[in-house]
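# Residue-level structural notes
Take a look at the letters that make up each chain.
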Amino acid sequence: MAHTLPPALTKSEQALRKALGASEDILFTRLTLRTGGRNALLASIEGMVNREALQEQVIEALLRTDLPGGLPPTLTDLGRQLLHLVEQTEECQAAKAAEAIFRGDAVLLVDGYAGALVLGTLKWDERPVQSAPSETGLRGPRDGFVERLTTNISLIRRRLNDPNLVVRFFRVGTRSKTRVAVLHMADITNERLVKEIEQRVAAIDYDGILDASQLRELLTGQVYTLFPKTGSTERPDLVVEALLAGKVAVLADNSPFALTAPITLGDTFWAADDYYTVPVVTLMMRLVRFIGAFATALMSPLYIGIMTFNPGLVRTDLAIYFARERSGIPLTPALEVLFLEVMMEVLHEATVRLPTKVGSAATVVGGLIIGQAAVEARLVSGIVVIVVAISALGSFTIPGQEMGQVWRATKWVLILAATTLGVYGVFGASFVLFSWLASQDSFGTPYLAPIAPLIPRDLLVDSVLRQHWSLFSRRERTYRTKDDDRTGEPQLKKYLDGGER
Amino acid sequence: MERRRGLVGVAWLLAAVLLVVTGCWDARPIEQRAFVVMIGFDWDPEAQYRVTLQVQRAGYEAQGSGRQRAAPMAQIVVSEGQTPRKALEHARDRLARELDTTFLELTVIGRTLAERNLDELDWVVRTFRVPVSGYVAVAPADAESVVRGKAPGYGIPAQFAFFGQMGGVFTRSAAIVSGPMWMMFNRNFFTPLEDNFAPVLGLQGEDLDWQGLAVFKEHRLVGMLSETDAAHFNLLSGSRAEMVVGAKVPGREGAQATLYLQTVSVRRKVVWQGDRPVIQVRAVARGDLQELIGMRLWSPADEEAVEGALAGALATRIKGLIARLQELESDPLGFGELARQAAPYRREVQSGEAWREVYRDAPVDVLVTVRMVAPGYMK
């Protein structure tokens with residue numbers, strides 16, 4: 001049963017304290033109103049409220065302002081007449097008032113008035129808008145998302161001055177009550193897609209949502225999957241591009257990452273730079289990323305396959321060179337790869353966890369000293385060091401650390417196949433992998449589109465080749481948008497007529 | 001349900017395919033394989049077969065205070081047996097590593113064995129894992145000495161023979177005939193009216209040297225032709241045209257021309273005149289005039305005279321080659337097959353034996369046209 005806040009301050013304070021629990025970080029300030037001399041209680045959480053605003057616009061106003069007509073009949077009227085805050089709402093339930101305090105608002109109880117006045121004094125220390133650390137680029141805007149949801153939405157709004165940009169808020173997490181925003185373009189995005197995502201957000205039943213990545217798992221619901229079904233970015237420009245393409249964006253409070261859905265496998269290879277570089281260079285960079293991904297997944301398995309089962313796949317000179325290099329190595333090719341790959345993963349994990357300066361030292365120690373020492377000691381051959389290094393470098397070409405990790409994980413499956421069945425095993429496992437990917441979808445969009453199913457027009461719009469902006473006039477059919485025309489009313493005529501620019 | 005059944009079917013098919021292809025049971029690290037890159041087969045009248053293997057030697061040699069890489073050397077293994085297979089098995093036993101013929105690039109057949117019968121080596125391509133890209137050569141004497149031969153500039157002689165020469169990548173010599181192994185043992189699969197041929201690989205001093213063309217008759221070596229003949233054989237078979245042709249210019253005293261042929265278009269044909277087949281060769285050769293001694297090209301008439309002289313010289317050499325082949329009763333250029341195509345139901349083209357009876361005396365009609373692409377004057 002919900003407890004209401006009665007007019008008597010002692011009782012309403014008691015109800016509020018009960019709703020707030022036993023926490024000691026809640027600050028209770030007792031006041032006596034200058035008008036009418038009534039007692040009042042101001043409750044807030046230290047560190048979450050704007051103390052200056054609270055002092056100047058609430059406490060001092062209550063203590064010093066004398067209302068000539070006496071106290072007004074309702075608490076709302078009292079707030080309007082006495083306080084200078086814009087955000088103030090009246091709340092009758094103790095639980096709701098407590099919830100507001102936990103969000104960072106202040107709550108005012110006045111003796112003789114039922115209910116409480118919730119004051120929008122929210123302010124906490126937050127990171128300023130900086131460049132996105134996980135998606136650095138050479139071109140394009142530098143700003144990245146921060147932890148505050150409203151700031152993140154403002155970064156999107158700044159780029160998209162369109163009334164069709166719809167933002168809908170949800171509270172997710174039975175205990176954390178995290179604010180989640182679902183964004184879409186009303187006149188572009190497929191309505192069924194929006195409804196589907198909003199329903200899934202609303203249906204999340206979990207106690208705490210700490211980051212958007214947690215939300216992603218709960219949204220897609222797939223437990224046994226390696227490949228992500230939603231995009232994840234720290235860059236507002238990429239979110240805007242996704243919205244304009246007909247996708248839906250999901251942002252969560254306290255998370256600098258935005259989710260975009262649906263996505264295809266191809267989307268995971270596109271970087272922000274692609275949209276700010278000439279198409280030919282984009283094509284080249286995207287091809288390099290594909291090669292990087294394949295190198296990550298296939299280099300080590302192919303090394304094992306060729307060295308152990310199918311040396312005939314390389315030309316004679318190379319095979320003889322390999323045999324010469326391998327001569328005297330005590331480890332089998334599979335063990336060689338295993339040793340170095342594990343070392344590389346350990347090194348990778350260590351450099352991610354360590355501070356930058358120490359991390360670079362660890363890289364030098366791991367990469368140069370251990371690798372060089374292993375080759376010098378004839379524990380592993382020089383070739384396998386090159387193979388594993390190329391494999392590792394390949395994973396760094398893929399935008400977003402996450403997909404690099406996915407391809408690295410895929411590599412282990414292929415290494416197992418190569419160790420047991422050689423090169424045939426590698427190709428057999430790759431076939432199974434791509435067959436499985438072909439059966440997957442992201443919120444109804446085939447994961448391998450526009451290749452499987454084949455959508456020729458999309459292949460020419462924004463796949464390996466990013467079309468020149470002047471020819472990029474159609475949206476991709478893959479996302480089944482309401483409006484696939486990216487052009488609008490011609491601006492030139494208005495300009496020539498001396499009108500709007 | 002249907003879809004599930006289909007998936008199960010695909011899974012079974014995949015499992016079956018994986019079982020028949022290589023697996024754990026075929027695992028052998030690359031350094032434990034002895035890659036045979038060149039193999040020689042000899043036979044002596046005492047009915048002993050000798051196999052000579054050129055195996056790549058992998059490894060390091062200790063030098064000074066630390067390990068330094070030695071140049072890869074070829075290891076030679078010789079063994080004998082009552083049959084070629086037994087000889088090879090003995091060779092296998094003597095190797096410390098697993099015999100692997102994945103990179104067998106050149107098979108050299110000793111002269112005595114080639115003269116005896118090529119069929120005895122048929123098993124090499126039938127039961128032995130030999131790549132289709134391998135080549136065959138015939139030694140002018142024994143194969144062993146050729147397999148032991150040196151190839152300056154290359155660590156492994158077989159590589160010299162294969163990449164440097166027969167592959168045609170690093171050579172402009174017109175006399176090197178290409179003899180793919182799959183063709184050598186399958187030629188009669190396409191037609192019984194065509195005989196085998198192979199390049200002759202011998203030694204000059206200790207070094208490997210291509211020395212002409214070996215021609216076969218019914219799988220037996222019947223003769224070895226010179227390098228000049230081999231070059232014209234290449235020209236007629238359309239495999240290689242770059243060669244130098246020299247001729248004295250008739251009617252111009254002391255005049256001599258040299259032409260570097262660049263492209264040659266050849267049409268070979270057999271026409272029947274009564275019961276006699278007539279071998280016709282029509283060739284149009286184009287090339288650069290490289291040398292002209294004793295005359296100058298002042299007019300088109302001079303040009304025609306030079307072209308006519310070169311054409312005559314080329315025709316004479318082609319006629320000489322065909323006459324030599326007719327004398328040996330060997331038909332590696334496939335005139336018999338052309339005759340069969342012209343008249344499929346004639347008795348003379350129903351077997352190799354019947355064809356050879358008319359082939360040896362068939363008249364030859366050769367017409368060569370030479371066009372100088374760069375004669376050296378402005379028309």
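Each chain has its residues counted from 1, following the order in which its sequence is written. Written order determines the labels here, with chains lettered from A and ligands numbered from 1. Selection of residues for local features in this predicted model requires a pLDDT of at least 70, selection of side-chain atom pairs for listing and counting requires 80 or more, and totals for whole chains, interfaces and linings are taken over all residues. Side-chain descriptors were evaluated using all non-hydrogen atoms of the structure, hydrogens and water having been removed beforehand.

### Considering the overall build of chain A
- Within chain A, the secondary structure is distributed over 16 helices and 12 strands.
- In terms of C-alpha radius of gyration, chain A reaches 30 Å, well past the compact-globule figure of 23 Å for 501 residues.
- By its C-alpha atoms, chain A is 100 × 65 × 40 Å across when sized along the principal axes.
- Only protein chains enter the area calculation, which uses a 1.4 Å probe; residues under 20% of their type maximum are buried, those over 50% are exposed, and those in between are partly exposed. Among the 501 residues that make up chain A, the fraction classed as buried is 47%.
- Here the contacts in chain A between residues at least 6 apart in sequence split such that 66% fall between residues at least 24 apart.
- We get accessible surface area from the Shrake-Rupley algorithm with a probe of 1.4 Å; when it comes to residues, only the shown protein chains can shield them. Carbon and sulfur atoms provide 59% of the accessible area of chain A, an area that totals close to 24500 Å². Comment: elements are numbered from the N terminus, with helices defined as DSSP H or I runs of at least four residues and strands as E runs of at least two. In this treatment the radius of gyration is a C-alpha quantity, and the globule benchmark scales as 2.2 Å times the residue count to the 0.38 power. Only heavy atoms matter for contacts: two residues are in contact if any of them lie within 4.5 Å across the pair.

### Brief notes about the packing of aromatic side chains
Residue and element names in this part refer to chain A.
- When the centres of two rings from Phe, Tyr and Trp lie within 6.5 Å, Trp using its six-membered ring, the rings pair. Their planes under 30 degrees apart give stacked, over 60 give edge-to-face, and anything left gives tilted. Under the counting rule described, the total for this entry stands at 12 aromatic pairs over all chains.
- Taking the centre distance of 6.2 Å and the plane angle of 45 degrees together, the rings of Phe269 and Trp407 count as tilted. Here Phe269 is found in the loop between strand 10 (258-261) and helix 9 (279-308), whereas its partner Trp407 is found in helix 14 (residues 401-439), with 138 residues between them in sequence.
- An aromatic cluster is built from Phe227, Phe269, Trp270, Phe290, Phe294, Trp407, Trp436 and Tyr447, whose rings are joined through pairwise contacts.

### Observations concerning the packing of helix 9 of chain A against helix 13 (residues 382-397) of chain A
Residues and elements named next belong to chain A.
- Only the stretch in contact is used when a helix axis is fitted, and all axes are lines through C-alpha atoms; the angle between N-to-C directions ranges over 0 to 180 degrees. Remark: helix 9 packs on helix 13, axes separated minimally by 7 Å, with the N-to-C direction vectors making an angle of 155 degrees. Comparing the axis directions of helix 9 and helix 13 gives the class roughly antiparallel. The way helix 9 lies across helix 13 gives a crossing that is left-handed. On helix 13, the residues touching Val288, Arg289, Gly292, Ala293, Ala295, Thr296, Met299, Ser300, Tyr303 and Met307 of helix 9 are Ile383, Val384, Val387, Val388, Ile390, Ser391, Gly394, Ser395 and Thr397.
- Broken down by class, the residue content of the contact of helix 9 with helix 13 amounts to 11 nonpolar, seven polar and one charged. Here is the rule for angles: anything less than 35 degrees is roughly parallel, anything more than 145 is roughly antiparallel, 65 through 115 is roughly perpendicular, and the remaining ranges are oblique. Two helices that cross are described as forming a left-handed crossing if the nearer one is turned anticlockwise from the farther one by less than a right angle, and a right-handed crossing if clockwise. Amino acids outside the nonpolar list (Ala, Val, Leu, Ile, Met, Phe, Trp, Tyr, Cys, Pro) and the charged list (Asp, Glu, Lys, Arg) are all regarded as polar, and Gly is one of them.

### Structural notes on the domain arrangement of chain B
Residues and elements named next belong to chain B.
- Domain start and stop points were drawn from an automatic or database domain assignment. You can read the domains of chain B as domain 1 (28-225) and domain 2 (227-379).
- Listed per partner, the contact involves 29 residues of domain 1 and 27 residues of domain 2.
- Of the roughly 2100 Å² buried between domain 1 and domain 2 on both sides combined, carbon and sulfur atoms contribute 57%.
- Contact with domain 2 buries surface across domain 1, with Ala174, Leu193 and Leu225 losing the most and accounting together for 33% of the total.
- Each salt bridge in this description consists of a side-chain nitrogen of Lys or Arg and a carboxyl oxygen of Asp or Glu lying within 4 Å of one another. Our count for the contact surface shared by domain 1 and domain 2 stands at three salt bridges. A quick way to say it: buried area is the sum, across both parts, of accessible area lost when two parts are put together, with a 1.4 Å probe.

### Structural notes on the pattern of salt bridges
Residue and element names in this part refer to chain B.
- With the rule as written, the count across this model stands at 45 salt bridges over all chains.
- Notably, a salt bridge pairs Arg85 with Glu89, separated by 3.2 Å at the nearest N-O pair. Pair noted here: Arg85 and Glu89 are both in helix 2 (residues 84-94), with a separation of four residues, about one helical turn.
- Overall, Glu89 belongs to the partly exposed group, its relative accessible area being 27%.
- Residue Arg347 is joined to Glu348 by a salt bridge in which the shortest nitrogen-to-oxygen separation is 4.0 Å.
- What makes Arg347 exposed here is its relative accessible area of 56%.
- For Glu348, a relative accessible area of 7% translates into the label buried.
- Through salt bridges with shared partners, a single network forms among Arg28, Arg85, Glu89, Arg92 and Glu98.

### A few points about the domain arrangement of chain A
- Segmentation of chain A into domains returns domain 1 (9-119), domain 2 (149-263) and domain 3 (278-413).
- In this structure, domain 1 of chain A and domain 2 of chain A have C-alpha centres spaced 35 Å apart.

### Some points on a nonpolar patch on the surface
All names here are of chain A.
- Within this analysis, patches are made of residues with over 30% relative accessible area and no salt bridge. Like charges are joined at 9 Å or less; nonpolar side chains (Val, Leu, Ile, Met, Phe, Trp, Tyr) at 5 Å or less. On the surface, Val364, Val365, Leu368, Ile369 and Ile370 cluster together into a nonpolar patch covering about 430 Å² of accessible area.
- You can see Leu368 is positioned in helix 12 (residues 356-376).
- The class of Leu368 is exposed, set by a relative accessible area of 58%.

### Structural notes on the sheet that holds strand 12 (residues 243-248) of chain B
Residues and elements named next belong to chain B.
- A pair of strands counts as paired when DSSP detects no fewer than two bridges linking them. One open sheet accounts for four strands, arranged 12-13-14-15; its pairing is mixed. Looking along the sheet, the strands with just one partner apiece sit at the ends: strand 12 and strand 15 (364-374). Ignoring which end each strand starts from, the neighbouring axes of this sheet average 40 degrees apart.
- Relative to strand 15, strand 14 (residues 276-293) runs parallel, the two sharing 10 bridges. Across the sheet, residue Val284 finds its bridge partner in strand 15, namely Thr369.
- Here helix 10 (residues 300-328) sits on the sheet and contacts strand 12, strand 13 (256-273), strand 14 and strand 15; the angle it forms with strand 15, its principal contact strand, is near 140 degrees.

### Observations regarding the packing of helix 5 (residues 149-159) of chain A against helix 8 (residues 236-245) of chain A
Residue and element names in this part refer to chain A.
- Where helix 5 meets helix 8, the axes come as close as 9 Å, and the angle between the chain directions of the two elements is 60 degrees. Classified by the interaxial angle, the pair formed by helix 5 and helix 8 is oblique. Remark: the crossing between helix 5 and helix 8 carries right-handed chirality. Between helix 5 and helix 8, the residues in contact are Leu155, Ile156 and Arg159 and Pro236, Asp237, Val239, Val240 and Leu243, respectively.
- Broken down by class, the residue content of the contact of helix 5 with helix 8 amounts to six nonpolar, no polar and two charged.

### What about the pairing of strand 5 (residues 116-119) of chain A?
Residues and elements named next belong to chain A.
- Of the two faces of strand 5, the one carrying Ala116 and Val118 and the one carrying Leu117 and Leu119 are both buried.
- Pairing of strand 3 (residues 88-91) with strand 5 involves four bridges; the strand directions are antiparallel. Bridge pairing in strand 5 places Thr89 opposite Val118.
- Pairing between strand 4 (residues 106-110) and strand 5: three bridges, direction antiparallel. Of the residues in strand 5, the one forming a bridge with Ala106 is Leu119.
- What sits between strand 4 and strand 5 in their antiparallel hairpin is a turn of five residues, with Gly112 showing a positive phi close to 95 degrees.

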